[in-house]
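Observations on chain architecture
Each chain is listed here by its residues.
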Amino acid sequence: MTARSHVLSLSLQARSALVLFIKDIGQGLLVVSHNTLALLGFAVLAVGIVFASQADLRQDTESKVLGWLNARHEARVEASGDVLALMAEPDAISRATAVDPKQLNRQQAAVAQYLARRYRVAPEPVSRLVKEAYDVGQRARVDPTLILSIMAIESGFNPFAQSSVGAQGLMQVLTRVHDDKYEAFGGNLAAFDPITNLRVGVQVLKECIQRAGSVEEGLRRYVGAANLPDDTGYAARVLAEQDLLKMVVAGRNVSPNAPRPAREPSSSPAPSAPNGEQVAMVSHTPN
């Protein structure tokens, strides 16, 4: 064997050894990676089993992660200066006491538009009150125009109104006297929810009319003047306001600035309450 042949043989042997070495390393790395992935999979599976078996731990972790994400989001929004975005509440509209006047029938829509112009309030919340007055009035057998007239005289459609003696809300119901009626609505603070105040007020009005035997005497009881020689014209003002609303319902064109038709206030003495019964259902100073 010549020297050249010997060198070539050694070169081939070295190349074969290098290829074998690289192949062994590759196979070793493949085995290691397989084992690593298997261990990682087992770890993930174990964590999953733990989370699946311990609901409290899962919920706590989810809560912490969600809290962290929310905090990060709020921090970015606050840094941008958009405070409204931090207080966004898409469901807030569900609390709004409002309805499109177009959803009312012709008579109700006419009443709502008239009251909105006369008392300078938005037509949407007034439309909701008109609709409720008609619905509740039908159930209670109380004329809805009478209900709306009381609201007009009592509060001018201000749901947060309060008299000097504590009569509250749209219909100025004396909350401390009728707190039992608010229990079904979550408590006395519901007096400032327009719909709740209307419903409670209608029930009080119905009881007053039933006890008095007439609408006019019922209004005297409603305002707390049942034991007084007169009601300072309260019933007459309410009934005069109702006369205007009845004209609107009849399709007549009534100016929002129209004065109330003249009505003589009642001055007939009211019957005394039997056995000292309190007949002042609302008991506040009439507007």
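Residues numbered from 1 in each chain as written. Predicted model: local features only at pLDDT ≥ 70, side-chain atom pairs only at ≥ 80, totals over all residues. Heavy atoms only, no water.

Looking at an unreviewed UniProt entry, one finds the protein chain named Lytic transglycosylase, with Roseateles depolymerans as its source organism.

This next bit is on the overall build of the protein chain. Looking only at helices and strands, one finds nine helices and two strands in the protein chain. Along the protein chain, from the amino end to the carboxyl end, the secondary structure elements read α-α-α-α-α-α-β-β-α-α-α. Looking at the 287 residues of the protein chain, the share that counts as buried comes to 35%. Residue pairs at least 24 apart in sequence account for 59% of intrachain contacts in the protein chain once pairs closer than 6 positions are excluded. Entry remark: accessible area of the protein chain is about 17600 Å², with carbon and sulfur atoms responsible for 57%. (Helix = DSSP H or I, 4+ residues; strand = E, 2+ residues; numbered from the N terminus. Buried < 20%, exposed > 50% of the residue type's maximum accessible area, 1.4 Å probe, protein only. Contact = heavy atoms within 4.5 Å. Areas by Shrake-Rupley, 256 points an atom, 1.4 Å probe, with all protein chains shown as cover.)

In this section: the environment of Thr196. As for its placement among the helices and strands, Thr196 is situated in helix 7 (residues 194-212). Spatially, the C-alpha atom of Thr196 lies 7.1 Å from that of Phe185, the residues being 11 residues apart in sequence. Each residue touching Thr196, except ones within four places of it in the same chain, is listed here: Tyr182, Phe185 and Ala190.

Close contact between helix 7 and helix 8 (residues 215-222) brings their axes to 7 Å; oriented N to C, the two are set at 125°. It follows from the interaxial angle that helix 7 and helix 8 lie oblique. Classified by chirality, the crossing of helix 8 by helix 7 is right-handed. Facing helix 7, whose interface residues are Gly201, Val204, Leu205, Cys208, Ile209, Arg211 and Ala212, helix 8 presents Val215, Glu217, Gly218, Leu219, Arg221 and Tyr222. When grouped by side-chain class, the residues that make up the contact of helix 7 with helix 8 number eight nonpolar, two polar and three charged. (Axes fitted to C-alpha atoms, helices over the stretch in contact; angles between N-to-C directions. Parallel < 35°, antiparallel > 145°, perpendicular 65-115°, else oblique. Left-handed = near helix turned anticlockwise from the far one by under 90°. Nonpolar A, V, L, I, M, F, W, Y, C, P; charged D, E, K, R; others polar.)

Take the pattern of salt bridges next. With the rule as written, the count across this model stands at eight salt bridges. Through salt bridges with shared partners, a single network forms among Arg118, Glu241 and Arg260. (Salt bridge = Lys/Arg side-chain N within 4 Å of Asp/Glu carboxyl O.)

Another point: the nonpolar core. Within the largest apolar cluster, 52 residues are counted, with the highest numbers of intra-cluster contacts made by Leu115 and Met171. Only helix 4 (106-119), helix 5 (123-140), helix 6 (144-155), helix 7, helix 8 and helix 9 (234-249) provide two or more residues apiece to this core. (Core = buried A, V, L, I, M, F, W, Y, C linked by side-chain atoms within 4.5 Å.)

In this fold, Thr175 is placed in the loop between strand 2 (173-174) and helix 7. What makes Thr175 buried here is its relative accessible area of 5%. Sequence-distant contacts of Thr175, defined by excluding residues within four places in its chain, comprise Gly166, Gln168, Tyr182, Asn188 and Ala191.

Another aspect to go through is helix 9. Its 16 residues place the ends of helix 9 23 Å apart at the C-alpha level, agreeing with the 22 Å of an ideal helix rising 1.5 Å per residue. Most of helix 9 sits inside the fold, with 12 of its 16 residues counted as buried. Within the sequence span of helix 9, burial applies to Tyr234, Ala235, Ala236, Val238, Leu239, Ala240, Glu241, Gln242, Leu244, Leu245, Val248 and Val249. Where the residues of helix 9 are buried, they touch helix 4, helix 5, helix 6 and helix 8. Two residues or fewer after helix 9 comes Gly251, characterised by a positive phi angle close to 95°. (Expected span 1.5 Å × (residues − 1).)

Although it is not a glycine, Gln172 adopts a positive phi angle of roughly 50°. Relative to the elements of secondary structure, Gln172 occurs in the loop between strand 1 (167-168) and strand 2. On the accessibility criterion, Gln172 (3% relative accessible area) is buried. A positive phi angle is found at Thr232, which is not glycine, with a value near 55°.

Looking now at the environment of Val248. Here Val248 lies in helix 9. Classification of Val248 as buried rests on a relative accessible area of 7%. Filtering out sequence-adjacent residues up to four positions away, Val248 remains in contact with Ala110, Val111, Tyr114 and Val254.

As a further point, take a nonpolar patch on the surface. A surface patch of nonpolar side chains, about 320 Å² in accessible area, is lined by Val65, Trp68 and Leu69. Mapped onto the elements, Trp68 comes out in helix 2 (residues 55-80). (Patch = residues over 30% accessible without salt bridge, like charges linked within 9 Å, V, L, I, M, F, W, Y side chains within 5 Å.)

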